[in-house]
Amino acid sequence: MLRRIRAVLRARLREFYRDRASLMWNLAMPLFIVFAFAFLFSGEPEDLLKIGVLEGDQARSPFLATRYVQFIPLEDREAALSKVQRHQLDMLLDFSSEPRYWVNVYSAQGYVAERLLREAYGQVGSMPVRQTVAGRDVRYVDWVMPGVLAMNMMFSCLWGVGWVVVRYRKNGVLRRLQATPLTAFEFLTAQVAARLVIISAVTLLVYVGADLVVDFTMRGSHWTLAIVLFAGAACLTSMGLIVATRLRTEELADGLLNLVSWPMMLLSGVWFSMEGTNPAAQLLSQALPLTHLVAAARRVMIDGAGLLEVLPEIGILAAFTLVLLGLSAWLFRWS
């Protein structure tokens, strides 16, 4: 019995180290993740407070010289006040003819910002007029929920199509389909359509279940969110097809799908905001479909954005879908 176990064990180990692709991903992926986080969070220490500044005579304010505070120039007062209400800004300053500032009475960081403001003005003149707002802060679960929905869709789309098509090729299913009048574009379109039906049902169940458990924020229209998620699912499914166009083994498909998914998880703002990360990483993130999906879903759910406001992101996702689907049909091989 032990001899048979040793024989099977030896065969499995040989199969593993002879599969160069699988061996590479098992060794390279952990290093890639470590290097990616080191790159993302390299640079200067992160600012402790975020304060919005409206247009005006800012030169006369000694407060703007405060270190470790990020002063963000803004133009739309109403939008900025909304951010103060949701604790996305710690304070809003207005240096117009009548200098004023707004602080959320329920914000601990707003309290600290106001104390710093009073300290800065204590020796040089009168303070700007104090204005207050109130509002529930955006909890981390509220902020991260759009990213979780998008990430779940990404995994389902990439592996549910990419890995499955590779298995079809390996098992000879595609070779048999090649003998039919079915074209590559028709086959791939059907795969995308089937995955959209499945992911729509799964995402709806996840959304309802999560809402019942954590009661996350949803300020926008559910129909607008559905359109955004549908556009994202079509794009991510088309991306999975690109990976599956010519591969023959599931092991290599797993490696490539990980190579596609991990950068999107790190750079698309799923778990943390890209503000304050390396500028090169922020630029790279704009080339990833998941970034635009997460951004649009977050604007709908947290900011209450309407369909017209998220049309640019939907347009980008639709363009990605058309390009990726066309490339998949062109590169596709039945065997």
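Sequence order as written defines the numbering, with residues in each chain counted from 1. The predicted nature of this model means local features are confined to residues of pLDDT at least 70 and side-chain atom pairs, given and counted, to a pLDDT of 80 or more, with totals for whole chains, interfaces and linings taken over all residues. Excluded from the side-chain calculation are hydrogens and water; included are all heavy atoms of the structure.

Visitor: For the overall build of the protein, give the residues involved together with the corresponding values.
Guide: Helix and strand definitions follow DSSP, with helices as H or I runs of at least four residues and strands as E runs of at least two, each counted in order from the N terminus. If you tally the helices and strands in the protein, you get 12 helices and 5 strands. Each residue is assigned to one of three classes by its accessible area relative to the maximum for its type, calculated with a 1.4 Å probe on protein chains only: buried under 20%, partly exposed between the two thresholds, exposed over 50%. Expressed as a percentage of its 335 residues, the buried residues of the protein come to 42%. The contact rule is simple, with two residues in contact once any of their heavy atoms fall within 4.5 Å. Partitioning the intrachain contacts of the protein with sequence separation of at least 6 by distance along the chain shows that 73% fall at a separation of at least 24. The protein chains shown are the only cover counted for residues, whose accessible areas, like all others here, come from Shrake-Rupley with a 1.4 Å probe. Surface accessibility of the protein: about 18,200 Å² in total, with carbon and sulfur atoms responsible for 63%.

Visitor: For the pattern of salt bridges, give the residues involved together with the corresponding values.
Guide: Close approach of charged atoms lets side chains of opposite charge pair. Salt bridge, as used here: a side-chain nitrogen of Lys or Arg that lies within 4 Å of a carboxyl oxygen of Asp or Glu. Under the counting rule described, the total for this entry stands at 3 salt bridges. Salt-bridge contacts for Arg100 lead to Asp94; the nearest nitrogen and oxygen are separated by 3.5 Å. With respect to burial, Arg100 and Asp94 carry one shared label: buried.

Visitor: For helix α11 (residues 289-303), give the residues involved together with the corresponding values.
Guide: Between the first and last residue of a helix there are one fewer steps than residues, each counted as 1.5 Å, and that sum is the expected span. Helix length check: α11, at 15 residues, gives a terminal C-alpha distance of 21 Å against a target of 21 Å (1.5 Å per residue), a fit within 8%. Counted residue by residue, α11 has 12 buried out of 15 residues, so it is predominantly covered. All of the buried residues along α11 are Pro289, Leu290, Thr291, His292, Leu293, Val294, Ala296, Ala297, Arg298, Val300, Met301 and Ile302. One or two residues past the end of α11 sits Gly304, with phi positive at roughly 75°.

Visitor: Explain the state of the cysteines to me, using residue names and the numbers behind them.
Guide: Cysteine sulfur atoms that come within 2.5 Å of each other are treated as a disulfide pair. Under the counting rule described, the total for this entry stands at 0 disulfides. The structure places no disulfide on Cys157, whose sulfur is separated from the nearest cysteine sulfur, that of Cys235, by 9.2 Å. Here Cys235 falls in the buried class, since its relative accessible area comes to 0%.

Visitor: I'd like to hear about the packing of helix α7 (residues 184-214) against helix α8 (residues 222-244), residue by residue, with values.
Guide: Here an axis means a line fitted to C-alpha atoms, over the contact stretch when the element is a helix, while the angle between two N-to-C directions is reported on a 0 to 180 degree scale. At their nearest, the axes of α7 and α8 sit 9 Å apart, and the two run at 135° to each other. On the basis of the axis angle, α7 is oblique to α8. Considering how the two elements wind past one another, α7 and α8 form a crossing that is right-handed. Seen from α7, the contacting residues are Leu188, Gln191, Val192, Arg195, Leu196, Ile199, Ser200, Thr203 and Tyr207; seen from α8, they are His222, Leu225, Leu229, Phe230, Ala233, Ala234, Thr237, Ser238 and Leu241. Relative orientations are named as follows: roughly parallel for angles under 35 degrees, roughly antiparallel for angles over 145 degrees, roughly perpendicular for angles from 65 to 115 degrees, and oblique for any other angle. Take the far helix as the reference: if the near one is turned anticlockwise from it by less than a right angle, the crossing is left-handed, and if turned clockwise, right-handed.

Visitor: Got a sec to walk through the environment of Val228? Specific residues and values, please.
Guide: Tracing the chain through its elements places Val228 in helix α8. Separated by 68 residues in sequence, Val228 and Ala296 place their C-alpha atoms 6.8 Å apart. Ignoring anything within four residues of it in the chain, the contact list for Val228 reads Leu293, Ala296, Ala297, Val300, Val310, Ile314 and Leu317.

Visitor: How would you summarise the nonpolar core if you had to cite specific residues and measurements?
Guide: Side-chain atoms within 4.5 Å are what join buried Ala, Val, Leu, Ile, Met, Phe, Trp, Tyr and Cys residues into a set we call a nonpolar core. Judged by nonpolar contacts, the single largest core of 60 residues is most densely connected at Met154, Val165, Val228, Met264, Leu290, Leu293 and Phe332. Listed by contribution, the elements that provide at least two residues to this core are α5 (140-171), α7, α8, α9 (250-267), α11 and α12 (311-331). Top contributing element to this core by residue count: α8, with 12 residues.

Visitor: Describe a nonpolar patch on the surface, with residues and values.
Guide: Among the surface-exposed residues, Leu204, Val208, Leu212 and Val213 lie close enough to one another that they form a single nonpolar patch of about 440 Å² accessible area. When its relative accessible area of 41% is taken as the criterion, Val208 is described as partly exposed. Exposure above 30% relative accessible area and no salt bridge define the residues that can form patches, which grow by joining like charges within 9 Å and nonpolar side chains of Val, Leu, Ile, Met, Phe, Trp and Tyr within 5 Å.

Visitor: How would you explain the packing of α5 against α8 if you had to name every residue and give the values?
Guide: Contact geometry for α5 and α8: axes closest at 8 Å, N-to-C directions at 35°. Considering the relative orientation of α5 and α8, their crossing is right-handed. Each of Ala150, Met153, Met154, Cys157, Leu158, Val161, Gly162, Val165, Val166 and Arg169 in α5 lies in contact with α8, whose residues at this interface are Leu229, Gly232, Ala233, Leu236, Thr237, Met239, Gly240, Leu241 and Ala244. The residue makeup of the contact of α5 with α8, split by class, is 14 nonpolar, 4 polar and 1 charged. Charged residues are taken to be Asp, Glu, Lys and Arg, nonpolar residues to be Ala, Val, Leu, Ile, Met, Phe, Trp, Tyr, Cys and Pro, and polar residues to be all remaining types, Gly included.

Visitor: Provide a residue-level description of the side chain of Thr224, including the pertinent values.
Guide: Relative to the helices and strands, Thr224 is located in helix α8. The contacts of Thr224, once residues within four sequence positions are left out, are Val300, Ala305, Gly306, Leu307 and Val310.

Visitor: I'd like a description of the confidence of the model for the protein, backed by residues and values.
Guide: Across the protein, pLDDT averages 76, with 79% of residues at or above 70. The quantity known as pLDDT measures the predictor's confidence residue by residue, on a range of 0 to 100. Here helix α1 (residues 2-18) stands out as the element of the protein with the lowest mean pLDDT, 54, in contrast to α11, whose mean of 87 is the highest.

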